[in-house]
Structure formats: structure tokens, C-alpha cells
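Chain by chain, the residues:
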Amino acid sequence: MYDFVYDPYVLDRDGPVPIYKQVADLIREQIERGDLKAGDPVPSEAKLERDYEIARTTARRVARELREQGMAYTIQGEGTFVGPPSSPRAARKVPLYQKIAEEIAERIRQGDFPPNRAIPGEKAMMSEYGIAKVTARQVVAHLRDQGWVFTVPYRGTFVSNPDEWPDEHSK
């Protein structure tokens, strides 16, 4: 959805205006130009971190600043969206954690991750998919709920035996 290529160097990191305000202003400009419309998602914290080379707390402050300006609203567990809370949102897509879980399940099916062997950990998922820790945990929980994996405390998450995997019809 975001075809924009952000230049982290457009930010004045040494000036008097806080970075979060500068990033919020850049997003506000996208909204005013019509690049982002009412109901569209605002770039995620993880995306803002990558694109602008900012800290997670700074990315969080961007969303708060947009809310305070009346440019966006946040729905817990779903994200931040352009416009007032009454704005209709685009048709709900499959959550990112489910897409990633499906990709990992497919890799399990193909044998990339054999039974009783570990799947990538949180840090590896965060790096590979550019997601937050909470999203990586949702991926693992979803895979575990479906029967693809099991977790051993302090050891990791491992691929279940094939007879415990969900059948194709329950996908």
C-alpha cells in the first residue's frame, strides 16, 4: 500500500523540532495531498522505525501526535487509521500475523522446518518480516493454536509431529 520511499535524511535531527513532530508532519502532508485517505492505515510503528530510522518510542509518539491533531485514530490491536473514528475503513484484510503464520506453516509443510526442530525465534521474525515483538508472538500463538508448533519454556518453539498438524480443510 505504501509506495512512498521515505528519505530519513529529510529529517532535521539536530534542529529544535522533535523528530516525532517532523514525521507526523510528513504523514499529515500525505493525508492533505490525498496519498492517504480517510480509513487508510497510517504506516505501522515498525515501518516508521525502518523508513525514518527512528526508535519505537518515537514512532509511537508519531501516532499520538496525529491523534492529537485530529488526523488519525487508533483501534487497539488493529492499528492507527486516517481521519476521525467515524471514518469507514477499507475492507478488513487478513491480519499480518496470520499472513506470516501461513507462510511459516507452508514452509513447515514443505519440510523447511522439520518436526521437533525450532522455527525462527522472535528476533529472527522481527528482522525478516520487519514486525514488532508483539506481532511475532501473535504469529507463534496462531501457529500453536492451529497445532503446527509447540513451545518449550526457555528452549524455543518447535515443529509438531505431522499427525498434529491441521488438515487442509481447517486452514
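What this report covers is the structure whose coordinates are included nearby. One numbering rule holds for all chains: residues counted from 1, following each sequence as written. In keeping with the predicted nature of the model, local features appear solely for residues at pLDDT of at least 70, side-chain atom pairs appear and are counted solely at 80 or more, and the whole-chain, interface and lining totals rest on all residues. To get the side-chain values, take all heavy atoms of the structure and skip hydrogens and water.

A few points about the overall build of the protein chain
Part 1 of the reasoning: The secondary structure content of the protein chain amounts to 6 helices and 4 strands.
Part 2 of the reasoning: Starting at the N terminus and ending at the C terminus, the protein chain contains elements arranged as α-α-α-β-β-α-α-α-β-β.
Part 3 of the reasoning: The buried share of the protein chain, reckoned over its 171 residues, is 38%.
Part 4 of the reasoning: Taking the intrachain contacts of the protein chain between residues at least 6 apart in sequence as the baseline, contacts between residues at least 24 apart amount to 54%.
Part 5 of the reasoning: In the structure as shown, the protein chain presents an accessible area of about 10400 Å², 50% of it carried by carbon and sulfur atoms. For the purposes of this entry, the term helix denotes a DSSP run of H or I that reaches at least four residues, the term strand denotes a run of E that reaches at least two, and both are numbered from the N terminus. Buried, partly exposed and exposed residues are distinguished by accessible area as a fraction of the type maximum, computed with a 1.4 Å probe on protein chains only: under 20%, between the cut-offs, and over 50%, respectively. Any pair of residues with heavy atoms lying within 4.5 Å of one another is described as a contacting pair. Residue burial considers only the protein chains on display, and all accessible areas are found by Shrake-Rupley using a 1.4 Å probe.

Some words on the pattern of salt bridges
Part 1 of the reasoning: Whenever a carboxyl oxygen of Asp or Glu lies within 4 Å of a side-chain nitrogen of Lys or Arg, that contact is scored as a salt bridge. One pass over the full model with this rule turns up 12 salt bridges.
Part 2 of the reasoning: Close ionic contact of aspartate 35 with arginine 33 constitutes a salt bridge, the shortest N to O distance being 2.7 Å.
Part 3 of the reasoning: Classification of aspartate 35 by relative accessible area gives partly exposed; the value is 32%.
Part 4 of the reasoning: A salt bridge links glutamate 128 to arginine 107; the nearest nitrogen and oxygen atoms lie 3.6 Å apart. Placement of the pair is glutamate 128 in helix α5 (residues 122–129) and arginine 107 in helix α4 (residues 96–109), with a sequence separation of 21 residues.

Observations regarding the layout of surface pockets
Part 1 of the reasoning: A pocket, in this scheme, is an open set of points on a 1 Å grid over the protein atoms alone with protein on both sides within 12 Å along at least 5 of 7 lines, while a cavity is a set where a 1.4 Å probe fits but cannot get out; residues line either one if an atom lies within 4 Å of a point. Grid points are joined across faces, edges and corners, and a volume is the space filled by probe spheres set on the points. Reported here for the second largest pocket is a volume of approximately 180 Å³.
Part 2 of the reasoning: Lining the second largest pocket, in full, are Ala118, Ile119, Pro120, Gly121, Glu122, Arg137, Val140, Ala141, Arg144, Gly156 and Thr157.
Part 3 of the reasoning: Counting only elements with at least two residues in the lining of the second largest pocket, the list comes to α6 (133–146) and β4 (156–159).
Part 4 of the reasoning: If one sorts the elements of the lining of the second largest pocket by residue count, α6 sits on top with 4 residues.

Treat this as a map of the structure, not an account of what it does.
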